[in-house]
Amino acid sequence: EIRGHVRLEGEPIAGVTVTLERYTSRSGGRPTALERIRSDADGSYRFEGLAAEAYSLQAVTTEAVPPPAATLFVRDEDVLHDIDLAAGRAIFGSVIDAATELPIEGATIEVVASAEDRRSTVTDAEGNYRIEAIDSEVNGGGTSNTFLRLIAHAPTHGLEYQWIPVRPSDVDAERFDFRLRRCVAVWGTLRFVGRAKPPEDTEVVVTVRRPHGPPLGMDHLRRIGRVESTGAFVVEGVPADLPTLFVQNGASNSHEPQASLDVRADGWRMPALLLPTIKDDGNGLDVGEIVVRQSASIRGRVVDVSGDPHAGALVYALAQGAWLPDTPSSQRAHTIRTFESTVTDDLGRFRLPEFPAGSVDLNVSVPGGAGARAGVKLELTPGEDRSDVELVLGDGAALEGRVVTERGEPVGGAIVMILGEGAVETRADGSFRAFGLSAGPYEVWGYPSDGVKRSGAPLLRATVKDVPADTRDLEIVLPAGTKVEGRVLRANGDPASGVSLGFETDEIAGGFTAKTSERGEFEAVVPAGITLDVHLRAIDGLIEPWMEEMNPLVASYDPASGPLVLRIP
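About the thresholds
Residues numbered from 1 in each chain as written. Predicted model: local features only at pLDDT ≥ 70, side-chain atom pairs only at ≥ 80, totals over all residues. Heavy atoms only, no water. Helix = DSSP H or I, 4+ residues; strand = E, 2+ residues; numbered from the N terminus. Buried < 20%, exposed > 50% of the residue type's maximum accessible area, 1.4 Å probe, protein only. Contact = heavy atoms within 4.5 Å. Areas by Shrake-Rupley, 256 points an atom, 1.4 Å probe, with all protein chains shown as cover. Salt bridge = Lys/Arg side-chain N within 4 Å of Asp/Glu carboxyl O. Pairing = 2+ DSSP bridges. pLDDT = per-residue confidence, 0-100.

1. Considerations on the overall build of the protein chain
A count of helical and extended segments in the protein chain gives two helices and 50 strands. For the protein chain, buried positions account for 44% of its 569 residues. Of the contacts formed within the protein chain by residues at least 6 apart in sequence, a portion of 62% connects residues at least 24 apart. Accessible surface computed for the protein chain: about 28700 Å², of which carbon and sulfur atoms make up 47%.

Set out below in structure tokens:
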């Protein structure tokens, strides 16, 4: 037998679920649950008739904090094991509508220690919630916590979260309130070319990308709409006024679109319609008439240079998304593209059905094979079954050259990025060679690595465009620059980590960026002899409306005047 008592702060507790599992090491897979029982009125529990082996014992209750799972070894006698629970900490508060100040009933509140370890409840008619027995010291896996994430969301509203610090065990309860922004509707009319009514299986989906930061990263909220026989549709529950996701991509820093609208039916497909930020003005977003055309299909073969079929190659197709006509140019970053993929069979054959008509980038790659790639651009007409596509895997094109300073000195350890192809590092003499490339031409970036930045004079990135394939003498000259450095602090003096800063000037489009470390420190290299406006771009990838009111943080800053100390809320 394994038997014992379950106690809460020394007193027996009934109704606690105790689970017995066959012990499995972490590398051996998930444990197998053998039996579950509940503790009796006196807190006792008992598992009988056990074989001599190792077991894992875990208590589960929403009323107290259990210890981590215990590993017990049964040999030739009973095992006595008491389970001591802790009271834990309560988290409570209210959830209200940010615009009306009215309570939100049925909102979900989640306490998240990790992607797998989360507790939840819902708000009552007054918008109030309470979650008992939050572990203030360790999560369910026995790992120490520094912060917990508290998330609130509702079907009619968007999502908000707060980081809540771990408290000592003598903190009984804390209040955390939420103000949620209302969701809105997206609507319009579908017109299927050549049809009076939409097909019965027509589906309209709005997908919203929501960045949460670590440990949860990003998820995709999907809302499916209603489609009438007239073609009118409405998609409800789309979050409004979400912070825009800031994407750092070299010189192409952009505000990434948050949402896309897709229309699908059997035999019909349109490219993703990219949606701008939707304002909570009570009206939602009218996307107008959407013209849907018959989908196309792509069939073909992947072969090597000798004509032999290549099995197991990844074939993928990309189509550009479409924007609403009145979308601001600052948001037109084509980061959402319709994507479909497949793998070739034993005869090298592939098929991609139900793909939107129009311009398509078709590519093939073989995992682990340098040079094993090919690509072609297709123009597909509605309803077309393109069956003559042959992709030939060859050795690929090559690119060779040197990275030097303005004085002709070689830059060893520099990074050479061929956009869409990959990156290589220069040798000690500044030379580089990249192979296995597509047909080109390429846009090539050369920039100093972190090691180069630490060891030498500050250097700027250089860009060379329209470089032909198989160029053997490409020279990339890195201009000299000057450093901008400093710290970003919170209002209370604590360092602000994860802060993205922009250094903008009228002379250079796009400006320069930096991001603060855990100590709030930042460093960037900018051209010498210019002044800059310093802007707050994002914190942990998120942009909130209040940030714009603070910009610029500093106007006409001269890097020669010394380090910056910036303060934010």
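What follows picks up the thread again.
2. Comments concerning the pattern of salt bridges
Inspection of every chain in the model, using the stated rule, returns 25 salt bridges. Note that Arg130 and Glu132 form a salt bridge whose closest N and O atoms lie 2.5 Å from each other. By relative accessible area, which is 45% here, Arg130 ends up partly exposed. The salt bridge partner of Arg386 is Asp388, with a shortest N-O separation of 2.7 Å. Classification of Asp388 as exposed rests on a relative accessible area of 56%. Linked by salt bridges that have partners in common, Glu1, Arg3, Arg46 and Asp78 make up one network.

3. Remarks on the pairing of strand β45 (residues 499-505)
Among the seven residues in β45, six count as buried, and that is most of the element. Two elements, β45 and strand β48 (residues 532-539), share six bridges in a ladder whose sense is antiparallel. Within β48, the residue paired with Val499 across the bridge is Ile539.

4. A closer look at the confidence of the model for the protein chain
As a general rule, the predicted coordinates of low-pLDDT regions are not to be interpreted in detail. This prediction gives the protein chain a mean pLDDT of 82; 84% of its residues lie at or above 70. Taking the mean pLDDT of every element in the protein chain, the minimum, 53, falls on strand β24 (residues 254-256) and the maximum, 96, on strand β5 (residues 44-47). Overall, residues 137-144 carries pLDDT values under 50, and its contacts beyond four positions in sequence, including any with other chains, amount to 13 contacts. Under a pLDDT of 50 for its full length, residues 249-253 has, in the predicted model, 10 contacts with residues more than four places off or in other chains.

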